[in-house]
Amino acid sequence: MRITFSSFSQRGSGKAHNEDAVLLDDSVHQGRVRECGETDLSQPRYFAVADGVAIGTRPRTASRHLLELLQVRLNAAAAAAPLGPLLHGLQHDYAALSANTDFQGMAATLVGVRVVGSVVTIFNVGDSRAYLLANDNDGCQAHLLTRDHSVLNDMIDDGEITPEQSEDAASFMRGLTSQFIVDAEFDDFKVSIATHEWRAGERLLLCSDGLNEVLTDRQFAALLVGNSLEDLLNACKASRRAGGTDDFSVIVLERLD
């Protein structure tokens, strides 16, 4: 069994640097990323997107260091190692960087997948997302596989509001992320982990919030009819035309049988 991957990352409008970074199997990329390739599944494969938090310290450095530390953890772990403890260990590794005053205050969100055969384990912290792209009679559909760690979702989980009430929340509330990879002393560190049996014809998409900040799931699914770099570029252009200004990073994975 083999998989193909395509990745596109571009800095946001008016920004000096791209504050996202992507992990493509065994290498970390940042900046103007235009990468595609194919690999087998003879061993676990890992892909991830990190988004440096703009209000934190050195957001560009924050996302890259996070993926470099994640890569070290993953390379040292067994194929079937539970990802929960591994990601909590990553949180402590990341916080240890703050011993250097240049790195104090860094924070980032994270979404990634581990592929072992046909089993995909999805993990996320914050509001970077993973989707399943599948075709049906109505065309390509995007199904969200992750759950944003947001103030609104936390309020729903705590019973403070209902999902229906959240639909009427002010727009700024929707963008308030409640969880990051950050200080290890944070008492309520949350990691969301899910598994999926990957079927032929399905594609997986990982993205920072630059994709979905102005485009609906249906809109970008219609643009991503394939996994070519041209498709990803077109999605980025559509986001810009719709008023999107954030960094834009996407990885699309397709299973080949």
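Here the structure is shown first, and the text comes after it.
The present account deals with the structure reproduced in this document. (Residues numbered from 1 in each chain as written. Predicted model: local features only at pLDDT ≥ 70, side-chain atom pairs only at ≥ 80, totals over all residues. Heavy atoms only, no water.)

1. A closer look at the overall build of the protein chain
Argument step 1. When its secondary structure is counted, the protein chain shows seven helices and twelve strands.
Argument step 2. Taking all 257 residues of the protein chain together, the buried fraction comes to 50%.
Argument step 3. Put simply, of all contacts in the protein chain between residues at least 6 apart along the chain, 70% involve residues at least 24 apart.
Argument step 4. Of the roughly 11600 Å² that the protein chain leaves accessible, carbon and sulfur atoms contribute 49%. (Helix = DSSP H or I, 4+ residues; strand = E, 2+ residues; numbered from the N terminus. Buried < 20%, exposed > 50% of the residue type's maximum accessible area, 1.4 Å probe, protein only. Contact = heavy atoms within 4.5 Å. Areas by Shrake-Rupley, 256 points an atom, 1.4 Å probe, with all protein chains shown as cover.)

2. So, the side chain of Gln-71
Argument step 1. Looking at where Gln-71 falls in the secondary structure, it is placed in helix H1 (residues 59-76).
Argument step 2. The exposure class assigned to Gln-71 is buried, which follows from its relative accessible area of 17%.
Argument step 3. Within polar-contact distance, the side chain of Gln-71 engages the backbone oxygen of Asp-26 at 2.6 Å.
Argument step 4. Once residues within four sequence positions are removed from consideration, Gln-71 is found in contact with Leu-23, Asp-26, Ser-27 and Val-28. (Polar contact = N/O pair within 3.5 Å; in protein donor to acceptor, adjacent residues only side chain to side chain.)

3. What about helix H2 (residues 83-96)?
Argument step 1. For H2, with 14 residues, the first-to-last C-alpha span of 20 Å sits near the 20 Å given by 1.5 Å per residue.
Argument step 2. Those residues of H2 that sit buried are Leu-83, Gly-84, Leu-86, Leu-87, Gly-89, Leu-90, Gln-91, Tyr-94 and Ala-95.
Argument step 3. Check the buried side of H2 and you find it contacts H1, strand E6 (108-116), strand E7 (119-125) and strand E10 (192-197). (Expected span 1.5 Å × (residues − 1).)

4. Some remarks on the packing of aromatic side chains
Argument step 1. Per the stated rule, a full pass over the model turns up three aromatic pairs.
Argument step 2. Both rings, one in Phe-8 and one in Phe-248, keep their centres 6.0 Å apart while their planes meet at 80 degrees; by these two values the pair is edge-to-face. Taken as a pair, Phe-8 in strand E1 (residues 2-10) and Phe-248 in strand E12 (residues 248-256) lie far apart in primary sequence, 240 residues in all. The pair formed by Phe-8 and Phe-248 is uniform in burial state, with each residue classed as buried.
Argument step 3. Taking 4.9 Å as the distance between ring centres and 80 degrees as the angle between the ring planes, the aromatic pair formed by Tyr-131 and Phe-220 counts as edge-to-face. Of this pair, Tyr-131 sits in strand E8 (residues 129-136) while Phe-220 sits in helix H6 (residues 217-223), and the two are 89 residues apart along the sequence.
Argument step 4. Assessed through its relative accessible area of 0%, Tyr-131 is described here as buried. (Phe/Tyr/Trp six-rings, centres within 6.5 Å; stacked < 30°, edge-to-face > 60°.)

5. Side note on the nonpolar core
Argument step 1. Grouped together as the largest cluster of nonpolar side chains are 21 residues, with contacts concentrated most on Leu-23, Leu-66, Leu-67, Leu-70, Leu-74, Leu-87 and Leu-110.
Argument step 2. Of all the secondary-structure elements, those providing two or more residues to this core are strand E2 (20-24), strand E5 (45-52), H1, H2 and E6.
Argument step 3. Of all hydrophobic cores here, the second largest spans 20 residues; its members include Leu-41, Val-115, Ile-122 and Leu-206. (Core = buried A, V, L, I, M, F, W, Y, C linked by side-chain atoms within 4.5 Å.)

6. Here's the deal with unusual backbone geometry
Argument step 1. Non-glycine residue Asp-25 carries a positive phi angle of around 60 degrees.
Argument step 2. With respect to the helices and strands, Asp-25 occurs in the loop between E2 and strand E3 (27-30).
Argument step 3. Residue class for Asp-25 comes out buried when judged on its relative accessible area of 16%.

7. Observations regarding the pattern of salt bridges
It is possible for side chains of opposite charge to pair when their charged atoms get near one another.
Argument step 1. In total, this model carries ten salt bridges according to the counting rule given.
Argument step 2. With its nearest N and O atoms 3.0 Å apart, the salt bridge here joins Asp-246 to Lys-15. In this pair, Asp-246 sits in the loop between helix H7 (229-241) and E12 while Lys-15 sits in the loop between E1 and E2, placing the two residues 231 residues apart along the sequence.
Argument step 3. Across the pair Glu-202 and Arg-199 runs a salt bridge, and its minimum N-O distance is 4.0 Å.
Argument step 4. Here the residues in one salt-bridge network are Lys-15, Glu-19, Asp-246 and Asp-247, joined through shared partners. (Salt bridge = Lys/Arg side-chain N within 4 Å of Asp/Glu carboxyl O.)

Geometric values such as these leave the question of function open.
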